[in-house]
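# Examination of the molecular architecture
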Amino acid sequence: MHDSMTGPCAAGHPLVHIAGLGKTYAGADGLPVQALDGIDLSIGRGQFTCVVGPSGCGKSTLLRILAGVMPAGSGTIEIAGRRLDGPSRDVGVVFQSPVLLPWRNILSNVMVPAEVQKLPADDARARARDLLDMVGLSDFAHRYPGELSGGMQQRVGLCRALVHNPSLLLMDEPFGALDAMTRETMNLELLRIWHEKDATVLLITHSIPEAVFLADQVVVMAARPGRIVANYPIDLPRPRRLDMFSTPAFGAHVRRIRSHFNSRGEID
Amino acid sequence: MATPRALTAVFSSPRALSPVVLLVLLAAWEGAVRALHVPAIVLPAPSAVVQALWLEIRSGTLWPHFLVTCEEILAGFGIGAIVGIGLGVLIGQSRFLEQVFYPYLVAAQTIPKVAIAPILVIWLGYGLSSKIVITATIAFFPALSNTIVGLQATPREQMEMLRACTATQWQIFCMARFPQALPYIFAGLDVAAVLSVIGAIVGEFVGARAGLGYLILQMNFSFDMAGVFSILLVLCLIGICLHLAVGLVRRRVLFWTAGQADPLPGL
C-alpha cells in the first residue's frame, strides 16, 4: 500500500524513468533558452510526486514533455518500460484550467479520452459515471460546463484524466486558480482518489505546504537552466489529514524545502 | 390616453421605443407628402405604397416573381454557404494553405459582382442559373472567411488536451476546431443571407424575364413609384426573414453560447 512507501526507490521498477532530459528552444529574442538541463527523475509505481519551483524553472515544460505534447530535446524518458515518443494512452493530464468543451455535457466531457481512444462506450460510460460519483458530481452529468463553478469544473477535468484508466496522472497546478478553502478540499479528494485508484501521480505546484501534504517525494527545481536541485522523501504517515499541517514533522519538511528559496521566492 | 408612467416605460425600453420611432417617421413621411403635394411619381406616400402592394398581391402579379427571386436567393445562398464553408475547412486546415490561397480569394472578392454579372448572364443565360451563381459568389466570401478565422480560434489548451489523450488531427477537428468555429460560421452566414438578396436583384437587373428585380425595372419604366417602393418593402421583408431564420438555427445549434456576444458583431 501507499503507506509503506517512503521514497523514490520504494518500488522495484519505477513507472517513470527520466535520464538526462534537456530541452532548449528559441526565446522571444531568437537566442536559445535552456528550459531543462540534465533532468534525472524516477517515479515509483503508485507514488505521489510533487514538483515545486519558481516561475520559469521549466516545471510546466517537464510536464508537457511527459504528456507528449512537446518533444523532448535530449535524454530519455521511459514510462512503464516503454520509451516515450509522443502522447501516450497510458497517461492522463489535468491542466491548470479545466479545459472543458462547452458544447458537451459533463458526462460527455469526461468521456473525451475514451472516445478518442475508441474504448468500448458502455464500459467507459460506466467508469465516467463512477468517477463523477466519486467527486460528488453525479447529479451534474447532464449539465453543461457553463453551469458549474470553477472547482466543480476542475473536478470534471480530473475525472476526464482518469476515465481511460491511465497508470500515470500528470497534474499542472490543477487547483492554482481555486480559493484556499476549495483547494484544501480538492487536495483531500485527490488523495482519496489516488488511494482508491492506486494511481501514480506527478503534480506541479507553487505551494510548498501543499507539496509536502500530498507527496511521497518533493522535487525542487531551479530556473536558468531548469534543473532539479533537491529531491526530498516525505515520510509523513498516510492517510494525510488537514491537522498535520500544524505538526512539527510537517513544519520541518516545509522549512527544509523552503531553505532552497530566497526571500524573492527564487533559488540562489 | 397613455398615462405618464406608460410613456416613461416606452421611452426607457429600446424594444418598445424602436417601433414608435418607425411609426413617427412613417407619419411624418405621409404628412409631408400630403401637405407639400409631392407628386406620386417623385415620392409616393406610405399609404400609396401599402395600397400598391395590396393590389399586387390581390391581382396575383407579385406571387410568381416573388417565388422566382426567393428561389434564386435560397439556392444561391445555399450553394455559396456550402462551397464557402467547405473551402474554408480545406484552407483553414493550416496556416500554410491559408497563406498560399487566401490572397487570391481576397483578390477575387475585390471584383465587384455587378461587373461580372453581365458575363455570367452571357455564359448561363437569362434563366435562374445565372442569378443563382451571382448570388452564390456574393454569399460565398463571408462564409469562407469566417470559417477560416473560426478554425484558427480554438484555444491552444483545448488542442493540447486532445493531443495529450492521443487524438488525431481529424479527431481534433471534429471534437474542438469545428464546433469552436461554428459561432464565426454563423456570423458569416448571417451576412451572407442578407447579401444574397442583393445578389439576386443585381442578377435580375442585368438580364432576366422574371423576379422582383425584373418587376422593379418594369415599374420604373412605367413610372409606377408606389409599385417600386412596394417591391423594396417585400425585399426588405425577405432579408429580415432570412436574418431571423439564421438567428433561429444559430440559437438552436450554438446553445452553449447563450448570453455571449457574437464573435464578429461588426460584420
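Scroll up to find the structure.
For clarity, every value in this text was computed on a predicted model and none was experimentally measured. (Residues numbered from 1 in each chain as written. Chains lettered and ligands numbered in written order. Predicted model: local features only at pLDDT ≥ 70, side-chain atom pairs only at ≥ 80, totals over all residues.)

To continue, consider the overall build of chain B. Helix and strand counts for chain B come out as 11 helices and 0 strands. In chain B, the order of α-helices and β-strands from amino to carboxyl end is α-α-α-α-α-α-α-α-α-α-α. Along the longest, intermediate and shortest principal axes, the C-alpha atoms of chain B span 75 × 60 × 30 Å. For chain B, the residues scored as buried account for 35% of the 267 residues in total. At a minimum sequence separation of 6, the contacts of chain B that also span at least 24 residues come to 77%. (Helix = DSSP H or I, 4+ residues; strand = E, 2+ residues; numbered from the N terminus. Buried ≥ 20, exposed ≤ 12 C-beta atoms within 10 Å, placed from the backbone. Contact = placed C-beta atoms within 7 Å.)

The next point concerns the sheet that holds strand β1 (residues 14–26) of chain A. Residue and element names in this part refer to chain A. Ordered by their spatial adjacency, 4 strands build an open sheet running β2-β1-β4-β5, and the pairing between neighbours is antiparallel. Sheet topology places β2 (32–44) and β5 (82–83) at the edges, where each strand pairs with a single neighbour. Judged from the 2 bridges that link them, strand β4 (residues 74–79) and β5 form a sheet pairing that is antiparallel. Residue pairing for β5: E78 is matched across the bridge by R83. (Pairing = 2+ DSSP bridges.)

Another point: the environment of P32 of chain A. Residues and elements named next belong to chain A. Tracing the backbone through its elements, the reader meets P32 in strand β2. Using a count of 9 C-beta atoms within 10 Å as the deciding quantity, one classes P32 as exposed. Residues P32 and L62, spaced 30 residues apart in sequence, show a C-alpha to C-alpha distance of 17 Å. When residues no more than four places from it in sequence are discounted, the contact partners of P32 are T24 and A26.

Attention now moves to the interface of chain A and chain B. Counting residues at the interface gives 18 residues for chain A, matched by 15 residues for chain B. Here the element with the most residues in the side of chain A that touches chain B is helix α3 (residues 112–116) of chain A; it accounts for 3 residues. Of the residues in the side of chain A that touches chain B, the class split is 13 nonpolar, 4 polar and 1 charged. (Nonpolar A, V, L, I, M, F, W, Y, C, P; charged D, E, K, R; others polar.)

The subject of this paragraph is the sheet that holds strand β10 (residues 227–233) of chain A. Residues and elements named next belong to chain A. Strand order in the open sheet made by the 6 strands is β6-β7-β8-β3-β9-β10, with mixed pairing throughout. The open sheet terminates on both sides in strands that have one partner only, identified here as β6 (91–94) and β10. Looking at each pair of strands side by side, their axes are set apart by 20 degrees on average, direction ignored. Bridge count for strand β3 (residues 48–52) against strand β8 (residues 200–205) is 5 bridges, and the pairing is parallel. Across the sheet, the residue bridging to V51 is I204, located in β8. (Axes fitted to C-alpha atoms, helices over the stretch in contact; angles between N-to-C directions.)

Quick look at the pairing of β6 of chain A now. Residues and elements named next belong to chain A. Where burial is concerned, the two faces of β6 agree: the one with V91 and V93 and the one with G92 and V94 are both buried. Bridge count for β6 against strand β7 (residues 168–172) is 4 bridges, and the pairing is parallel. Bridge pairing in β7 links V91 to L168.

Moving on, we get to the packing of helix α1 (residues 4–12) of chain B against helix α2 (residues 14–35) of chain B. Residue and element names in this part refer to chain B. Viewed as axis vectors pointing N to C, α1 and α2 meet at an angle of 95 degrees, and their least axial separation amounts to 5 Å. Classed by the angle they form, the pair α1 and α2 counts as roughly perpendicular. Counting all contacts with α1, which are made through A9, V10 and F11, the residues of α2 involved are A16, L17 and V20. For the contact of α1 with α2, the per-class residue count stands at 6 nonpolar, no polar and no charged. (Parallel < 35°, antiparallel > 145°, perpendicular 65-115°, else oblique.)

Right, let's get into the pairing of β3 of chain A. Residues and elements named next belong to chain A. Most of β3 sits out of view: 5 of its 5 residues are buried. Sheet topology places β3 next to strand β9 (residues 217–222); 4 bridges connect them, and they run parallel. What sits directly across from V51, in β9, is V219.

To continue, consider the nonpolar core. Of all hydrophobic cores here, the largest spans 82 residues; its most connected members are V110, A128, L132, C159, V163, L170 and V218 of chain A. Apart from the residues lying within four places of it in its own chain, the contact partners of L132 of chain A are I106, L107, V110, L137, S138, A141 and C159 of chain A. (Core = buried A, V, L, I, M, F, W, Y, C linked by C-beta atoms within 7 Å.)

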